[in-house]
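In case you want the letters, here they are:
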Amino acid sequence: MKTNAGRFFEDYRLGETIAHAVPRTVSGGERALYHALYPARHALSSSDEFARACGLPAAPVDELMAFHLVFGKTVPDISLNAVANLGYAEGRWLKPVFPGDTLRAESTVIGLKENSNGASGVVWVRTRGLNQRDEAVLSYVRWVMVRKRDTAAPAPAPTVPELAGSVAAPDLVIPEGLSFADYDLTLAGEPHRWDDYAVGEKIDHVDGITVEESEHMLATRLWQNTAKVHFDATNRPDGRRLIYGGHVISLARTLSFNGLANAQMIVALNAGAHANPCFAGDTVRAWSEVLDKAETAAPGVGALRLRLVAMKHGTEPFVTRSEDGKYLPGVLLDLDYWALVPR
Amino acid sequence: MKTNAGRFFEDYRLGETIAHAVPRTVSGGERALYHALYPARHALSSSDEFARACGLPAAPVDELMAFHLVFGKTVPDISLNAVANLGYAEGRWLKPVFPGDTLRAESTVIGLKENSNGASGVVWVRTRGLNQRDEAVLSYVRWVMVRKRDTAAPAPAPTVPELAGSVAAPDLVIPEGLSFADYDLTLAGEPHRWDDYAVGEKIDHVDGITVEESEHMLATRLWQNTAKVHFDATNRPDGRRLIYGGHVISLARTLSFNGLANAQMIVALNAGAHANPCFAGDTVRAWSEVLDKAETAAPGVGALRLRLVAMKHGTEPFVTRSEDGKYLPGVLLDLDYWALVPR
Amino acid sequence: MKTNAGRFFEDYRLGETIAHAVPRTVSGGERALYHALYPARHALSSSDEFARACGLPAAPVDELMAFHLVFGKTVPDISLNAVANLGYAEGRWLKPVFPGDTLRAESTVIGLKENSNGASGVVWVRTRGLNQRDEAVLSYVRWVMVRKRDTAAPAPAPTVPELAGSVAAPDLVIPEGLSFADYDLTLAGEPHRWDDYAVGEKIDHVDGITVEESEHMLATRLWQNTAKVHFDATNRPDGRRLIYGGHVISLARTLSFNGLANAQMIVALNAGAHANPCFAGDTVRAWSEVLDKAETAAPGVGALRLRLVAMKHGTEPFVTRSEDGKYLPGVLLDLDYWALVPR
């Protein structure tokens, strides 16, 4: 067999590091497409001039673009036979990515636990994105449920990694040179500084985007994500294509500009759940909650820990679960991240 | 409220200048997307070599891309609560925009007139697009009908600006260095020079493009235009998304290549009406009429004043209004502009 | 008439060379769009670093992008009035194309033969793509059936060119500097070298892509291909838009990554048939057959002659024709090409 059938649960070994294929050089082309696919308006990744005024050499590509590119590379090795994408933890952006950079990725298996049914198991990996200088630009833990090829294969010793509930504020990596001392609120689009946000505050981002098949496929291919279920209408019995969860993350994040225009850079991904699948025709909306605040050592730079929830049109904001504790059917995404905000 | 509810009629003050948010650096990515979204074939913005042979340092981005980028920036401040986009006047392109340039925009309120119903009013703004050197690249007047927040708010003294019916030929700004002395008609695609066009001549551009939802949304997001009605199928009672009028302008202009391949650069926007809304599924066609001709001081460069009409398939060309003077339902756009043509 | 009605059969003269219009400068934008439109993962055109490790100055754009750009330029002169695109032969890629290059095209008429019905004829052209240094980057023969304007026009003396059944291995042009001596199989995505492929071997590429209207139109416009039938839903009696055959070629080639990840560069197009039309909604799959193998003089570089077949979902792989010798209705493309593979 010349084609890649993907790994099954019994193919993973605790501690092994998998080098993922297909390095990718990014250019202004990927940035332009990000602006076409999502209503991206954060000034720092839109304008070289704005980024320079904030101490960076040029506008970095959106942090989620870096995430998607790295994530996409892991799919053929990690999630081709995944039944479910269960969670994220300990995600940190370590270096901005600029046009001209080339990204590759590798993942270390940090946990394995067979399910009691013997038909599948959970695999935890810590994935790193690396640039052409072998500098890590991104690191995160993801765990997925993966089918076994052979249900008779012996179960590995169960190892569940201990993961932080969220990235601690002192561990946030502030991009070298970043300063919001001369931050231009007018050019950024909103007057709200770090001090204007209170823990517990909730923001309905108001806008909505109705999703089309071709858009999510353009995006998912752009990140070289090969999961069949996103592209092949014959793959599911219902003839629907499942939208890549990262597409919903980017939609929600960019919709959150309206109310969080100054939450310029994502520096940590604390946790995330794809609560329900998203399909073409859905109109995606978003709301946020301020979970925590922290100071940083960089000039004028504060950090907000934010909960970002994406939902389908018709779902009330600010509620995610029914009385029995399950996600409401209209909730698509429940994400917990840190962003940098001018003080 | 952290989110932007947009300005209402009573929020505008005569003479105030509004600095619009979210500067944008353009690259070859935006140019490539322009070629994917529209059948753009004008050689000057397609080929660096052709542009250099015409005295420019490289291929500028399409003039309408500059227009859309500047226009998009104004939407959150000018037209978020607009009921109708009423007109354009005195538009002039002042500097070509090249990949690497960063654009921002500002608008000055030059007219205000409350409607007799007391529920809305007309706002006139003169908008300027500026590059990273604070040079104006584009300037135009637009007027929109905007809702009042509070119908009891007092009406401002009515001020209706006097606007030129068209930009006078001597006021056209020819890009520095532009020369059509060595213009290559073969590479440009058609043999027709300035002398070959006569005032009154009409051209049916023959081709048609059937519009898809994802295309107009990709385009409109690319220009960072945030008007909800273009993206959110739940926004209108009929569940349809209104296509950004600028998308129709670019479709019509690029369709007009077939017959006006040598109308290389748009230098002025004299007037424009979005006669009827355009929706996905419509097949857009276009025709042009030569309204005027002028010489310029640049070597080999003439100017044509052109009327560009976009219509839905099934509408006869060369007629726009019924006997009662109203636009026919199949007419989408009626635009009046100046373009530069080799003599 | 200012618009281009295209050439009819009687307009072609044996031996004449037609210079095609609209030169085009490519950038990272076109490359990013290629990655969004197709599941392109071949490392050599994805990563500047990978390409440098193979002796090239940077990642070239995909060879099929160069083909589509050149092909698109020929449409207004060659196939606007074509009834059918009959075949390709003697295609060779002569120089890699890099972002920053500007392409133009010219075609020489090498054969003419009127059909016995007197209503149309076959035109053979040899098309060359040229860069800004007037170096040929691509050359291929295509023949099309073209309508006559006037059935009474006299038939030319029939001239049918002798064409090679396939490009001979010694005639393959290996890009200057190319070396697979240090080829990284892990980064490339598959372990299979030239030695691992046997003549007669067949590979089902497994994956499928369901095609959307907006995607094929974005692609076809991007190559500045103006054939009406791809864009205008009113053009055919059945209201369907015919998908540009080159879109199917790129879909099939990129799907073939899964099993042929190391078939990095296309260097020759031996033959090709668009067996049946493709429409939006079709799910495209692909399979390949190894037709031949050859060594080259470049370090570590072998060549595989491959047959690439695209088919609609539901069609069995490895069979293309029914008992009467006709293509099965689910077969879309039957292509014969040479690619370079590490030894």
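Residue indices begin from 1 for each chain and proceed along its sequence in written order. Here the convention is simple: chains get letters from A, ligands get numbers from 1, in the order in which they are written. The predicted origin of the model limits local features to residues at a pLDDT of at least 70 and limits the giving and counting of side-chain atom pairs to 80 or more, whereas totals for whole chains, interfaces and linings rest on all residues. With hydrogens and water set aside, each side-chain value is computed from the structure's full complement of heavy atoms.

A. Structural context of the overall build of chain A. If you tally the helices and strands in chain A, you get seven helices and twelve strands. Radius of gyration means the value over C-alpha atoms here, while the globule rule gives 2.2 Å times the residue count to the 0.38 power. In terms of overall size, chain A behaves like a compact globule, its C-alpha atoms giving a radius of gyration of 20 Å where 343 residues would be expected to give roughly 20 Å. Expressed along its principal axes, the backbone C-alpha trace of chain A runs to roughly 60 × 45 × 35 Å. Each residue is placed in one exposure class: buried if its accessible area under a 1.4 Å probe, protein chains only, is under 20% of its type's maximum, exposed if it is over 50%, and partly exposed if it falls in between. Per-residue burial for chain A yields a buried fraction of 64% across its 343 residues. In this analysis, two residues are considered to be in contact whenever any of their non-hydrogen atoms come within 4.5 Å of each other. Relative to all contacts within chain A whose residues are 6 or more apart in sequence, the contacts with residues 24 or more apart total 78%. Accessible surface computed for chain A: about 11300 Å², of which carbon and sulfur atoms make up 51%. Starting at the N terminus, helices and strands are each numbered in turn, a helix being any DSSP run of H or I of at least four residues and a strand any DSSP run of E of at least two. Computed with the Shrake-Rupley method and a 1.4 Å probe, the accessible areas treat only the protein chains shown as cover for residues.

B. Structural detail: the relation of the copies chain C and chain B. Overlaying chain C on chain B yields an RMSD of 0.0 Å, the required transformation being a rotation through 120 degrees with an accompanying axial translation of 0.0 Å. The transformation just described matches what one would write down for a three-fold rotation axis. In terms of proximity to the rotation axis, the leading residue of chain C is Gly29(C), whose C-alpha is 2.1 Å off the axis. A share of only 12% of the interface residues of chain C reappears at the interface of chain B, consistent with the copies meeting through non-equivalent patches. Copies are brought into register by a least-squares superposition over C-alpha atoms of residues with pLDDT of at least 70 in both.

C. Spatial organisation of the pattern of salt bridges. Any Lys or Arg side-chain nitrogen found within 4 Å of a carboxyl oxygen on Asp or Glu counts as a salt bridge. Taken as a whole and judged by the stated rule, the model has 72 salt bridges over all chains. Here Arg128(C) makes a salt bridge to Glu106(C), at a shortest N to O gap of 3.0 Å. With a gap of 22 residues between them, Arg128(C) in strand β5 (residues 120-130) and Glu106(C) in strand β4 (residues 102-114) connect regions that are remote in the sequence. One network of salt bridges, with partners in common, ties together Arg31(A), Asp48(A), Glu49(A) and Arg52(A).

D. A look at the environment of Arg221(A). Among the structural elements, Arg221(A) can be located in helix α5 (residues 213-222). When the C-alpha atoms of Arg221(A) and Glu176(A) are compared, they prove to be 31 Å apart, with 45 residues separating the residues in sequence. The residues contacting Arg221(A), other than those within four sequence positions of it, are Phe231(A), His35(C), Ala36(C), Leu37(C), Tyr38(C), Pro39(C), Ile209(C) and Glu215(C).

E. Broad picture of the relation of the copies chain C and chain A. Of the transformation superimposing chain C on chain A, the axial component is 0.0 Å and the angular component is 120 degrees, with the fit at an RMSD of 0.0 Å. The residues that chain C uses at the interface reappear at the interface of chain A in only 9% of cases, marking distinct surfaces.

F. Here's a closer look at the side chain of Asp282(B). Residues and elements named next belong to chain B. By the element assignment, Asp282 lies in the loop between β9 (265-273) and β10 (283-295). Residue class for Asp282 comes out buried when judged on its relative accessible area of 11%. Among the polar contacts made by the side chain of Asp282, one reaches the main-chain amide nitrogen of Phe279 at a distance of 3.0 Å. Once residues within four sequence positions are removed from consideration, Asp282 is found in contact with Ile209, Thr210, Val211, Pro277 and Lys312. Any N or O atom pair separated by 3.5 Å or less is treated as a polar contact, with the protein-specific requirement of one donor-capable and one acceptor-capable atom, and with residues adjacent in sequence counted only for side-chain atom pairs.

G. How the structure looks around the interface of chain C and chain A. In this assembly, 45 residues from chain C lie in contact with 33 residues from chain A. When chain C packs against chain A, close to 3000 Å² is buried across both sides, 57% of that on carbon and sulfur atoms. Linking chain C to chain A there are five salt bridges. The partner of Asp232(A) in a salt bridge is Arg285(C), with the nearest N and O atoms 2.6 Å apart. Where chain C meets chain A, there are 23 residue pairs in polar contact (both at pLDDT 80 or more). Taken together, the elements giving at least two residues each to the side of chain C that touches chain A come down to α1 (28-37), α2 (48-53), α4 (185-188), β7 (202-204), β8 (209-210), α5 (213-222), α7 (257-260) and β10 (283-295) of chain C. If one sorts the elements of the side of chain C that touches chain A by residue count, α1(C) sits on top with eight residues. Throughout this entry, Asp, Glu, Lys and Arg are counted as charged residues, while Ala, Val, Leu, Ile, Met, Phe, Trp, Tyr, Cys and Pro are counted as nonpolar. The remaining residues, Gly among them, count as polar. Grouping the amino acids of the side of chain C that touches chain A by side-chain chemistry returns 17 nonpolar, 16 polar and twelve charged. Here the quantity called buried area is the accessible surface, traced with a 1.4 Å probe, that two parts lose on coming together, added over both.

H. Geometry of the interface of chain C and chain B. Taken together, the contacts link 33 residues of chain C with 45 residues of chain B. Between chain C and chain B, a total of about 3000 Å² is buried, with carbon and sulfur atoms accounting for 56% of that surface. At the boundary of chain C with chain B, the tally comes to five salt bridges. The shortest N-O distance in the salt bridge between Lys228(C) and Asp207(B) comes to 2.6 Å. Along the contact surface separating chain C from chain B lie 23 residue pairs in polar contact (both at pLDDT 80 or more). Looking at the side of chain C that touches chain B, the elements with two or more residues in it are β2 (24-25), α1, β4 and α5 of chain C. The residue inventory of the side of chain C that touches chain B, partitioned by class, reads twelve nonpolar, twelve polar and nine charged.

I. Structural context of the side chain of Ser250(B). With respect to the element layout, Ser250(B) can be found in helix α6 (residues 245-255). Not counting residues within four places of it along the chain, the set of residues in contact with Ser250(B) comprises Tyr34(B), Tyr38(B), Leu64(B) and His68(B).

J. Representation of the nonpolar core in the model. By size, the foremost hydrophobic cluster in this structure holds 186 residues, and its most contacted members are Phe67(A), Trp223(A), Phe67(B), Trp223(B), Phe67(C) and Trp223(C). The residues touching Trp223(A), leaving out its near neighbours within four places in the chain, are Tyr34(A), Tyr38(A), Met65(A), His68(A), Leu69(A), Gly72(A) and Tyr244(A). Formed by 24 residues, the second largest nonpolar core is a distinct cluster that contains Ala59(C), Met265(C), Ala268(C) and Ala303(C). Nonpolar cores were defined as sets of buried Ala, Val, Leu, Ile, Met, Phe, Trp, Tyr and Cys residues, with membership established by side-chain atoms within 4.5 Å.

K. Region of the structure containing the packing of α5(A) against α1(C). Fitted lines through C-alpha atoms give the axes, limited to the stretch in contact for helices. The angle between two N-to-C directions lies from 0 to 180 degrees. Where α5(A) meets α1(C), the axes come as close as 6 Å, and the angle between the chain directions of the two elements is 115 degrees. In terms of their interaxial angle, α5(A) and α1(C) are classed as roughly perpendicular. Two packed elements cross with a definite hand, and for α5(A) against α1(C) that hand is right-handed. Of the residues in α1(C), those in contact with Met217(A), Leu218(A), Arg221(A) and Leu222(A) of α5(A) are Ala32(C), His35(C), Ala36(C) and Leu37(C). In terms of residue class, the contact of α5(A) with α1(C) is built from six nonpolar, one polar and one charged. Roughly parallel means an angle under 35 degrees; roughly antiparallel, over 145; roughly perpendicular, 65 to 115; everything else is oblique. Less than a right angle of anticlockwise turn of the near helix away from the far helix marks a crossing as left-handed, whereas a clockwise turn marks it as right-handed.

L. Inspection of the pairing of strand β6 (residues 136-147) of chain C at higher detail. Residues and elements named next belong to chain C. Burial analysis of β6 places ten of its twelve residues in the buried class, which makes it a mostly covered element. Paired strands, in this sense, are two strands between which DSSP finds at least two bridges. Relative to β6, β5 is paired through eleven bridges, and the arrangement is antiparallel. For Arg126, the partnering residue across the bridge sits in β6 and is Val141.

M. Focus on unusual backbone geometry. Positive phi, normally seen in glycine, also occurs at Glu90(A), with a value near 55 degrees. A positive phi angle is found at Asp134(B), which is not glycine, with a value near 60 degrees. Mapped onto the secondary structure, Asp134(B) falls in the loop between β5 (120-130) and β6 (136-147).

N. Structural detail: the packing of aromatic side chains. Side-chain rings of Phe, Tyr and Trp, where Trp is taken by its six-membered ring, are said to pair if the distance between their centres is within 6.5 Å; with planes under 30 degrees apart they count as stacked, over 60 as edge-to-face, and otherwise as tilted. Counted according to the given criterion, the structure contains 30 aromatic pairs over all chains. With a centroid separation of 5.9 Å and an interplanar angle of 70 degrees, the aromatic rings of Phe67(B) and Tyr88(B) are classed as edge-to-face. With Phe67(B) in helix α3 (residues 63-78) and Tyr88(B) in strand β3 (residues 82-93), the pair connects residues that are 21 residues apart, well separated along the chain. A residue is classified by how much of its surface remains accessible, and Phe67(B), at 2% relative accessible area, is buried. The class for Tyr88(B) is buried, based on a relative accessible area of 3%. Geometry around Tyr197(C) places Lys2(A) over its ring, the cationic atom sitting 4.6 Å from the centre. Whether a charge sits over a ring depends on NZ of Lys or CZ of Arg being within 6 Å of the ring centre and within 35 degrees of the ring normal.

O. Seen up close, α5(A). All names here are of chain A. Most of α5 sits out of view: ten of its ten residues are buried. Looking at α5, one finds that the buried residues are Glu213, Ser214, Glu215, His216, Met217, Leu218, Ala219, Thr220, Arg221 and Leu222. Looking one or two residues past α5, Gln224 carries a phi angle of roughly 55 degrees, positive in sign.

P. Focus on the pairing of β5(B). All names here are of chain B. A large share of β5 lies buried, amounting to nine of its eleven residues. Bridge analysis of strand β4 (residues 102-114) against β5 gives ten bridges, and the strand direction is antiparallel. Residue pairing in the sheet places Ser107 in a bridge with Thr127 of β5. Counted along the chain from β4 to the antiparallel partner β5, the turn is five residues long, and its residue Gly118 has a positive phi close to 70 degrees. Counting the residues that bridge the hairpin from β5 to β6 gives five residues, and of these Asp134 lies at a positive phi of roughly 60 degrees.

Q. Structural view of the environment of Leu306(A). All names here are of chain A. For Leu306, the location among the structural elements is in strand β11 (residues 301-312). Residue classification places Leu306 among the buried positions, given a relative accessible area of 0%. Not counting residues within four places of it along the chain, the set of residues in contact with Leu306 comprises Leu260, Ala263, Glu289, Val290, Leu291, Leu335, Asp336, Tyr337 and Ala339.

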